[in-house]
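Here is what each chain is made of, one letter per residue.
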Amino acid sequence: MSRSLRFPQIEQLLLDHPEGLHRAEIARRLGVHKSTIGRDITLLTSQLPLIEESDGRIRLDRHGYLHTIHLTMHELEALHLSARLFSKVMRFPFPHASAALRKLADAQGRVSPALAARIRDTAEELDEFISESSGDYDAYRQVIEELGIAISEMRPVKISHFSREKQSTRQFHLFPVTLEPHPEGKAVHLIGWDLNACPPFFRTIKTERIESVMLGPPDPELFAGIPTERMMAGLRNAWSIWSTDAPPIPVRLCFSSVVADRVAETQWHSSQKLDYLPDGRLIWSALIAEPKEMYPWIRGWGPDVEILEPEDLRLRHRRDFERGVALYAEKGTTDV
């Protein structure tokens, strides 16, 4: 077997065995002499982030490993559109986003310099936002990186989280499952399996309020017992990130004919159904895990929407309108 064939196989073996392998084990698997693998490892250190443990095991440093990926021009454009959406909606500093975009631009440069330039423009926007943002960005970057490690390596964590409502810091012992964007809140939330709760449940935590993360050892067996399918089902029912184990709640809204077509042209939720009334109004209905989460969107339509159900949300909307009328009545009106 030539060296050019062995190198990819050694790389794949180390990817398949994150705990590492001894040179003798690699040699046995590839059917070559141990000294050959020794020379290969020496040469591979210039191409791969290899670590040799004290017991002689060779493993990949997955934090510094560069993945090889081949994308078509259309796939790159799709990723660029995702990045544009990210930069416009998620207005907070997210580590490594601009670096990833620049690598995409470099990959696209030979095929489409115009697209590569637009990708670099988006990277510049993200960098500018980071430089202008307030707060302790270095601390936030460390939190995001440690959560990424925990999710990738299936490691539980101990988290210190500041509650604005209680103005105090709480400690959580979680098994991080995923990071989830929250467009309305322009933030990222961690969804983790709360190991201290009885019974355990999925807890959602805003990452900007996490003060520290302490990583535990990898525990694939514990992770395998977490009902991640239940979490994903809950997210499918959610308006954004609020989910529960309870059945989703029916939501029915009546939009005026002025905005009906504008509402109908967008898929706001996977479960939505549309029914036009003879007078041009639109009945929009869906099953939502927690309707309170969608209330800012409903309120944004002003008097062009009426909440038909659930009743508690209808009453809340009515009270908000009454408070608004009272506010403007106190200040008076001026005809222009």
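Keep in mind the model is a prediction, meaning the values are calculated, not measured.

*Asks:* Account for the sheet that holds strand β3 (residues 157-163), naming residues and giving values.
*Replies:* Taken in spatial order, the five strands make up an open sheet running β6-β5-β4-β3-β7, and their pairing is antiparallel. The two strands at the open ends of the sheet, each matched to only one other strand, are β6 (202-206) and β7 (210-215). With direction set aside, neighbouring strand axes in the sheet form an average angle of 45°. Contacting β3, β4 (168-182), β5 (187-194) and β7, helix α7 (residues 137-153) runs over the sheet at an angle of about 35° to β7. Running over the sheet, helix α9 (residues 228-237) touches β4, β5 and β6 and is turned about 70° from β4.

*Asks:* Report on unusual backbone geometry, specifying residues and quantitative values.
*Replies:* In this chain, C198 is followed by P199 through a cis amide linkage whose omega measures 0°. Mapping P199 onto the fold places it in the loop between β5 and β6. For the bond running from E309 to P310, omega is 10°, close enough to zero to count as cis. Note on placement: P310 falls in the loop between β11 (305-309) and α12 (311-331).

*Asks:* So what about the nonpolar core? Which residues, and what values?
*Replies:* In this structure, L253, F255, W284, M294, W297 and I298 are the most contacted members of the largest nonpolar core, which totals 19 residues. When residues of this core are assigned to their parent elements, the largest contribution, four residues, is made by strand β10 (residues 282-288). Judged by nonpolar contacts, the second largest core, of 16 residues, contains I10, L13, A27 and I41.

*Asks:* Run through the packing of aromatic side chains, naming residues and quoting values.
*Replies:* Under the criterion given, the structure shown has 10 aromatic pairs. With 5.6 Å between their ring centres and 45° between their planes, F175 and F223 make a pair best called tilted. In this pair, F175 sits in strand β4 while F223 sits in helix α8 (residues 220-224), placing the two residues 48 residues apart along the sequence. Given the relative accessible area of 22%, F223 is considered partly exposed. Here the aromatic rings of W239 and W297 are separated by 4.9 Å at their centres, their planes lie at 45°, and the arrangement is tilted. One end of the pair, W239, is in the loop between α9 and β8 (249-255); the other, W297, is in helix α11 (residues 295-299), and 58 residues separate them in sequence. This pair shows no difference in class: W239 is buried, exactly as W297 is. Pairwise contacts between aromatic rings join W239, F255, W268, W284, W297 and W301 into one cluster.

*Asks:* Mind laying out the pairing of β10, listing which residues take part and the relevant values?
*Replies:* The buried fraction of β10 is high, at six of seven residues. By the bridge criterion, seven bridges tie β8 to β10 in an arrangement that is antiparallel. Of the residues in β10, the one forming a bridge with F255 is L282. Taking the residues that link successive antiparallel strands as the turn, the strand β9 (residues 273-276)-β10 hairpin has five residues, and the phi of G280 there is positive, at about 95°.

*Asks:* Go over the side chain of R155, please, and point to the residues and values.
*Replies:* Here R155 lies in the loop between α7 and β3. Given the relative accessible area of 18%, R155 is considered buried. Here the side chain of R155 touches G216 through a polar contact of 2.7 Å, landing on its backbone oxygen. Discounting residues that sit within four places of it in the chain, R155 has contacts with I149, A150, F175, P176, L215, G216, P217 and P218.

*Asks:* Hey, could you go over the pattern of salt bridges for me, with residue numbers and the actual values?
*Replies:* Counted according to the given criterion, the structure contains 20 salt bridges. The salt bridge partner of D320 is R323, with a shortest N-O separation of 2.9 Å. Of the two residues, D320 and R323 both sit in helix α12, three residues apart, roughly one turn of that helix. D320 sits in the buried class, given a relative accessible area of 17%. Relative accessible area serves as the criterion here: at 57%, R323 is assigned to the exposed category.

*Asks:* Please give an account of the environment of A150 that cites residues and values.
*Replies:* The residue A150 is located in helix α7 in this model. Along the primary structure A150 and P218 are separated by 68 residues, whereas in three dimensions their C-alpha atoms are 8.1 Å apart. Those residues in contact with A150, other than ones at most four positions away along the chain, are R155, V157, P176 and L215.

*Asks:* Please set out α9 residue by residue, giving values where relevant.
*Replies:* Among all positions in α9, only M231, G234 and L235 are buried. Buried residues of α9, viewed axially, fall in a sector of 100°; they line one side. Exposed and oriented more than 90 degrees from the buried face of α9 are E229 and R236. Residues of α9 that are buried in the fold lie against β4, β5 and β6.

*Asks:* Explain helix α2 (residues 23-30) residue by residue, including any values.
*Replies:* Among the residues of α2, I26, A27 and L30 are the ones counted as buried. Projection of α2 onto a plane perpendicular to its axis shows the buried side chains occupying an angular sector of 100°, all on one side. Looking at the packing, one finds that the buried side of α2 touches α1 (3-16) and α3 (34-44). Backbone geometry just downstream of α2 places G31 in the positive-phi region, at approximately 70°.

Here is what the cut-offs are and how they apply
Residues numbered from 1 in each chain as written. Predicted model: local features only at pLDDT ≥ 70, side-chain atom pairs only at ≥ 80, totals over all residues. Heavy atoms only, no water. Pairing = 2+ DSSP bridges. Helix = DSSP H or I, 4+ residues; strand = E, 2+ residues; numbered from the N terminus. Axes fitted to C-alpha atoms, helices over the stretch in contact; angles between N-to-C directions. Contact = heavy atoms within 4.5 Å. Core = buried A, V, L, I, M, F, W, Y, C linked by side-chain atoms within 4.5 Å. Buried < 20%, exposed > 50% of the residue type's maximum accessible area, 1.4 Å probe, protein only. Phe/Tyr/Trp six-rings, centres within 6.5 Å; stacked < 30°, edge-to-face > 60°. Polar contact = N/O pair within 3.5 Å; in protein donor to acceptor, adjacent residues only side chain to side chain. Salt bridge = Lys/Arg side-chain N within 4 Å of Asp/Glu carboxyl O. Arc of directions from axis to C-beta.

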